[in-house]
Every structure is written in C-alpha cells, then in structure tokens.
Amino acid sequence: QVQLVESGGGLVQAGDSLRLSCAASGRTFSSYTMGWLRQAPGKEREFVAAIGWSGGNTVYANSVKGRFTISRDNAKSTVYLQMNSLKPEDTAVYYCAARRAIVVVTTKEHYDYWGQGTQVTVSS
C-alpha cells in the first residue's frame with residue numbers, strides 16, 4: 001500500500017514556473033513507477049508525465065514536452081514535476097499516481113494509487 005500527498009500547486013501567471021511535489025509513504029517507493037496526471041474542469045483525466053523506478057526512464061505528453069520535467073528522489077520517497085513556461089491550458093488539478101511496476105505507465109487505468117490532487121491555475 002502506498003499513500004501519496006501532493007503539494008506545490010497555486011495560482012500563477014502565464015510564463016511562470018511551479019514545482020509540484022508528491023511525497024509517498026512506505027518503504028518500497030523505489031519499486032514503483034510514478035506519474036503525474038491532470039484533470040481540467042469538464043475534461044477527462046489525462047497523462048502528463050511518468051518516470052520509472054530508477055529515474056532513468058521518463059515519458060511526457062506532447063503538450064508538456066520541453067516545458068515540464070519529472071524527477072524522483074528515492075531516498076526521500078518523493079517525485080517532482082517542474083513546470084516551466086506555464087500556459088492557461090495547463091490549468092487543472094494535478095494528481096500524483098503510482099504503480100508497482102518496472103515499465104513506465106502512461107495510462108490512467110493502470111495506476112493503482114492516487115493522491116488527492118493539487119490545483120494549478122495559470123492566468124493569462
């Protein structure tokens with residue numbers, strides 16, 4: 001069992017940066033592939049970024065590639081999402097998710113554990 005707690009959301013202007021953090025409980029954090037997904041009002045939850053257990057394998061949605069960076073610190077059981085050059089269309093609730101797997105997971109249906117979400121609002 002893994003419990004996930006996100007932090008770092010907020011209200012920013014277009015072009016600004018934010019860093020989201022997700023702290024995980026449990027002693028086997030390094031066994032989990034981790035992801036960030038987001039959900040805007042009236043839209044489906046969508047994949048943003050994922051990172052494998054070692055941190056060496058990352059995958060990004062096309063909409064954030066080159067602007068967002070996912071990373072993890074297994075010693076701190078924490079995964080991060082650095083978001084640069086934010087756009088109004090990035091406005092959403094951002095969720096951290098985990099799956100005990102070796103391969104990177106990019107579909108929301110395959111994640112087993114979820115955080116409560118953190119709101120990111122980007123004004124134009």
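Look up a bit, the structure's there.
Residues numbered from 1 in each chain as written. Predicted model: local features only at pLDDT ≥ 70, side-chain atom pairs only at ≥ 80, totals over all residues. Heavy atoms only, no water.

1. Thoughts on the state of the cysteines
Stage number 1. With the rule as written, the count across this model stands at 1 disulfide.
Stage number 2. With its sulfur 2.1 Å from that of its partner, Cys-22 forms a disulfide with Cys-96. In this structure the cystine formed by Cys-22 and Cys-96 twists about its S-S bond by roughly -80 degrees; its chirality is therefore left-handed. Here Cys-22, found in strand β3 (residues 18-24), pairs with Cys-96, found in strand β9 (residues 92-100); they are 74 residues apart in sequence, far enough to count as distant. One exposure class covers both Cys-22 and Cys-96, and it is buried. (Disulfide = S-S within 2.5 Å. Helix = DSSP H or I, 4+ residues; strand = E, 2+ residues; numbered from the N terminus. Buried < 20%, exposed > 50% of the residue type's maximum accessible area, 1.4 Å probe, protein only.)

2. Some points on the pattern of salt bridges
Stage number 1. This model, assessed by the stated rule, comprises 6 salt bridges.
Stage number 2. For Arg-67, the salt bridge is made with Asp-90, and the minimal N-O distance between the two is 2.8 Å. Within this pair, whereas Arg-67 is found in the loop between β6 (58-60) and β7 (68-73), its partner Asp-90 is found in the loop between β8 (78-83) and β9, the two being separated by 23 residues in sequence. The exposure classification of Arg-67 matches that of Asp-90, with both residues buried.
Stage number 3. The salt bridge partner of Glu-109 is Lys-108, with a shortest N-O separation of 3.4 Å. (Salt bridge = Lys/Arg side-chain N within 4 Å of Asp/Glu carboxyl O.)

3. With respect to the nonpolar core
General note: in soluble globular proteins, nonpolar side chains tend to be found buried as a group.
Stage number 1. Formed by 37 residues in total, the largest nonpolar core has its most connected members in Met-34, Trp-36, Val-79, Leu-81, Met-83 and Tyr-94.
Stage number 2. Elements supplying a minimum of two residues to this core: β3, β4 (32-39), β5 (46-51), β7, β8, β9 and β11 (118-123).
Stage number 3. Apart from the residues within four sequence positions on either side, Tyr-94 is in contact with Glu-6, Leu-20, Trp-36, Leu-37, Arg-38, Val-48, Phe-68, Leu-81, Met-83, Gly-117, Thr-118 and Val-120. (Core = buried A, V, L, I, M, F, W, Y, C linked by side-chain atoms within 4.5 Å. Contact = heavy atoms within 4.5 Å.)

4. Structural notes on the packing of aromatic side chains
Stage number 1. In the structure shown here, the tally under the stated rule is 3 aromatic pairs.
Stage number 2. Geometrically, the ring pair formed by Tyr-32 and Tyr-113 is edge-to-face, given 6.1 Å between the ring centres and 70 degrees between the ring planes. Residue Tyr-32 is found in strand β4, and its partner Tyr-113 is found in strand β10 (residues 113-114); the two are separated by 81 residues along the sequence.
Stage number 3. Relative accessible area serves as the criterion here: at 4%, Tyr-32 is assigned to the buried category.
Stage number 4. On the numbers, 6.3 Å between centres and 80 degrees between planes, the contact of Tyr-95 with Trp-114 is edge-to-face. (Phe/Tyr/Trp six-rings, centres within 6.5 Å; stacked < 30°, edge-to-face > 60°.)

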